[in-house]
Amino acid sequence: MEPHGCRECPSREGSSLPGERASSDLGQALSQILHHLSGLDSRRGKARNAALQDLSALIEATEGDELFGGSGTSLRGMPEMLGQVAKALEKYAAPPKEQGGGSDAHSEVAEKAAAVGLLFLKLLRKVGAAENSLVCPARKACLRLLAGPIYIFAVSHSLEQAWTSPRSQDVAGQVLALLLQVTECASVAGFLHGENEDEKGRFTLIMGLLKPDLNNFTFPFRETWKNNPATKHVFSWTLQQVTRPWLNQHLERILPPSLLISDDYQTENKILGVHCLHHIVLNVPAADLLQYNRAQVVYHALFNHLYTPEHHLIQAVLLCLLDLFPVLEKGLHWKGDAARPTTHCDEVLQLILTHMEPEHRLLLRRTYARNLPAFVKRLGILTVRHLKRLQRVIIGYLEVYDGPEEEARLKILETLKLLMQYTWPRVSCRLVVLLKALLKLLCDVARDPSLTPEPIKSALLEEATDCLILLDHCSQGRVKGLLAKILQSCEDSKVVTCLRKVQQASEGAPGDGT
């Protein structure tokens, strides 16, 4: 018997062919299931469980040809109905708005997700089995409508989240793998942007499904994206899968939601939004970012986060800014007859140094110190504008013990080395201050009775010694002469070893600082 989906069916009224009756019954059954899943009772009561059981039985009992477009239904009718059912299933399994429900609410979501995932697996297997049948046009239409909701479901529950369980993650992972197989995609990235140049991809489709929640900036709907906690994670994870050269054509769709999430009051969401912005900065051409002042908008959104005392957020923001600076400064051209204009990097470094001086929280001190060398490298000789404040920060941070890993002091020593390399003509007048700070550090580390591991102590002594060697070069050998007197009275063997290295390295070296 030939499948009904690829044959023209009679359209005369009053027809009572068995295929039409079966198709009509199927449509009514799906319509009733859709009503139960999307109605007010979709999250409680026996109706939801009965609807899932009925849908499971219906999928198993119905042939793929009839499921995708029976003789009494147009090629569009049944795929659209199945697409609506898939959307309802995805919404049914979505986690509710976080209101402190605890583990009980999360376990209930995980159970729903596992049940819905099994239904999606059955449905996708039907789609896969119909690949070589005569209902190919209807199958393609059905797959096009099913792919979006099923993808959102799979990503929502395959990642480790508060509302997932090992079982729900496993089922969702299987759903995603089968979806890629059915759509003949080798990877999620290929699924989203297309496996080849001729294929459009489904990124626009996914963003369109997420848009009602993500692109509402008006009060009181600004936080509608929080009604489903999975929405932000689906958006972020999906965005990370698409890179150059495909991302720039979707800039209008992805930039506003990223800014919206980063502007939230919760630190977790701020960090997530900043990561999205960072991905956009890395994967969208500078010309597109500069158009309509988009790069300036991103910069100001990031700059405002620097006033927040959250070290994880500060770290994410500084990394993003360092990659944004080349975009912002792309159009700047220095004319030799005037002073170089200050840049965005200057503005950020000035604020960082302002925060670093009085900062006493170790995590924030480490975060600032960790990123300071990158700013000095970025500015190069122009770091001389910030030399006085950098000197105060460097000396202040070298005096304070930073814990067993000594990350802050190691990074500050790295900063000092870079600073002397870039601004060596201005270093000789600061010789005494820097020499005292470095010698004090050598003595403190050599006599340190704390639990700092020996490799860390050795690294500190080595970095400080390198700084002394550079300082000697910048001061035309004056350090070597000053250390000669200290060696005569110093009794600490570690300090003496370091100072002798400085003297040996200075012998025969050019003294002009170059």
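Residues numbered from 1 in each chain as written. Predicted model: local features only at pLDDT ≥ 70, side-chain atom pairs only at ≥ 80, totals over all residues. Heavy atoms only, no water.

The chain is annotated in an unreviewed UniProt entry as TELO2 interacting protein 2 of Equus caballus. Looking at the Sequence similarities (unreviewed entry) heading of the UniProt record, one finds this comment for the chain: "Belongs to the TTI2 family." (UniProt positions renumbered as here; feature names shortened; annotations may be inferred.)

(A) Region of interest: the overall build of the chain. Of the regular secondary structure elements, the chain holds 23 helices and zero strands. Restricting the contact set of the chain to residue pairs at least 6 apart, pairs at least 24 apart contribute 73%. Counting every atom, the chain has about 25000 Å² of accessible surface; 53% of that belongs to carbon and sulfur. (Helix = DSSP H or I, 4+ residues; strand = E, 2+ residues; numbered from the N terminus. Contact = heavy atoms within 4.5 Å. Areas by Shrake-Rupley, 256 points an atom, 1.4 Å probe, with all protein chains shown as cover.)

(B) Representation of the packing of aromatic side chains within the structure. Per the counting criterion, the structure on display carries five aromatic pairs. An angle of 35° between the planes, with centres 5.7 Å apart, marks the rings of Tyr-299 and Phe-303 as tilted. One end of the pair is Tyr-299 and the other is Phe-303, both in helix α14 (residues 294-305) and four residues apart, which spans about a single turn. The residues Tyr-299 and Phe-303 share a single accessibility class, namely buried. Aromatic side chains Phe-325 and Phe-375 sit 6.0 Å apart centroid to centroid with 70° between the ring planes, which places their arrangement in the edge-to-face category. Here Phe-375 lies in helix α17 (residues 362-379) and Phe-325 lies in helix α15 (residues 311-328), a separation of 50 residues in the sequence. Judged by relative accessible area, which is 0%, Phe-325 ranks as buried. Through successive ring pairs, a cluster of aromatic residues spans Tyr-299, Phe-303 and Tyr-307. Here the basic side chain of Lys-112 rests over the ring of Tyr-92, its NZ or CZ set 5.1 Å away from the ring centre. Sitting over the ring of Tyr-397, Arg-365 keeps its end group 3.9 Å from the ring centre. (Phe/Tyr/Trp six-rings, centres within 6.5 Å; stacked < 30°, edge-to-face > 60°. Buried < 20%, exposed > 50% of the residue type's maximum accessible area, 1.4 Å probe, protein only. Lys NZ or Arg CZ within 6 Å of the ring centre and 35° of its normal.)

(C) Spatial organisation of the environment of Asp-472. Within the fold, Asp-472 resides in helix α21 (residues 454-474). The class for Asp-472 is buried, based on a relative accessible area of 2%. Counting along the chain gives 41 residues from Asp-472 to Leu-431, while the straight-line C-alpha distance between them is 8.7 Å. Side-chain polar atoms of Asp-472 contact the backbone nitrogen of Lys-480, separated by 2.9 Å. (Polar contact = N/O pair within 3.5 Å; in protein donor to acceptor, adjacent residues only side chain to side chain.)

(D) Seen up close, the packing of helix α20 (residues 431-446) against helix α22 (residues 478-489). The contact between α20 and α22 brings their axes to 12 Å, and the two run at 45°. Taken together, α20 and α22 sit at an angle that is classed as oblique. Between α20 and α22 lies a crossing whose hand is right-handed. Counting all contacts with α20, which are made through Leu-431, Leu-435 and Leu-439, the residues of α22 involved are Arg-478, Val-479, Leu-482, Leu-483 and Ile-486. Residues that form the contact of α20 with α22 fall into these classes: seven nonpolar, no polar and one charged. (Axes fitted to C-alpha atoms, helices over the stretch in contact; angles between N-to-C directions. Parallel < 35°, antiparallel > 145°, perpendicular 65-115°, else oblique. Left-handed = near helix turned anticlockwise from the far one by under 90°. Nonpolar A, V, L, I, M, F, W, Y, C, P; charged D, E, K, R; others polar.)

(E) Broad picture of the environment of Gln-504. With respect to the helices and strands, Gln-504 occurs in helix α23 (residues 493-506). The exposure class assigned to Gln-504 is exposed, which follows from its relative accessible area of 55%. For Gln-504 and Ile-469, which are 35 residues apart along the polypeptide, the C-alpha to C-alpha distance reads 9.4 Å.

(F) Geometry of the confidence of the model for the chain. Per-residue confidence for the chain averages 84 on the pLDDT scale, and 83% of its residues sit at or above 70. Low confidence marks residues 1-21, where pLDDT is under 50. Its contacts with residues over four positions away, or in another chain, come to 25 contacts. Within the model, pLDDT remains below 50 along residues 70-75, and this stretch shows 17 contacts once partners closer than five positions in the same chain are excluded. (pLDDT = per-residue confidence, 0-100.)

(G) How the structure looks around α15. If you check α15, its first and last C-alpha atoms are 25 Å apart, about what 18 residues at 1.5 Å a residue would give, namely 26 Å. At Leu-322, α15 shows its strongest bend, of approximately 30°, with the proline Pro-326 following within four residues. Burial of α15 is extensive: 13 of the 18 residues sit out of reach of the surface. (Expected span 1.5 Å × (residues − 1). Bend = angle between axes of the 7 residues up to and from the residue.)

(H) Expanded view of the nonpolar core. Counting residues in each nonpolar core, the largest one holds 149 residues, and the members touching the most others are Tyr-151, Leu-324 and Val-348. Here this core gets 12 residues from one element, more than from any other, and that element is α15. Leave out the neighbours within four places in its chain, and Tyr-151 touches Leu-176, Leu-179, Val-188, Phe-191, Leu-192, Ile-206, Trp-237 and Thr-238. (Core = buried A, V, L, I, M, F, W, Y, C linked by side-chain atoms within 4.5 Å.)

(I) Representation of the packing of helix α9 (residues 203-214) against helix α11 (residues 251-262) in the model. Here α9 crosses α11 at 40°, and the two axes come no closer than 11 Å. By the angle between their axes, α9 is oblique relative to α11. Crossing handedness for the pair α9 and α11: left-handed. The residues of α11 that touch α9, namely those facing Phe-203, Thr-204, Met-207 and Leu-214, are Arg-253, Ile-254, Pro-257, Leu-260 and Ile-261. Of the residues belonging to the contact of α9 with α11, the class tally is seven nonpolar, one polar and one charged.

(J) Geometry of the pattern of salt bridges. Counted by the stated rule, this structure contains 18 salt bridges. As a salt-bridge pair, Lys-112 and Glu-108 come within 4.0 Å of each other at their nearest N and O atoms. Here Glu-108 and Lys-112 lie together in helix α5 (residues 103-129), a separation of four residues that amounts to about one turn. Relative accessible area serves as the criterion here: at 32%, Glu-108 is assigned to the partly exposed category. In this structure, Asp-444 engages Lys-440 in a salt bridge whose closest nitrogen and oxygen atoms are separated by 3.1 Å. Pair noted here: Asp-444 and Lys-440 are both in helix α20, with a separation of four residues, about one helical turn. Among the ionic contacts, a cluster of salt bridges with common partners joins Glu-357, Arg-389 and Arg-392. (Salt bridge = Lys/Arg side-chain N within 4 Å of Asp/Glu carboxyl O.)

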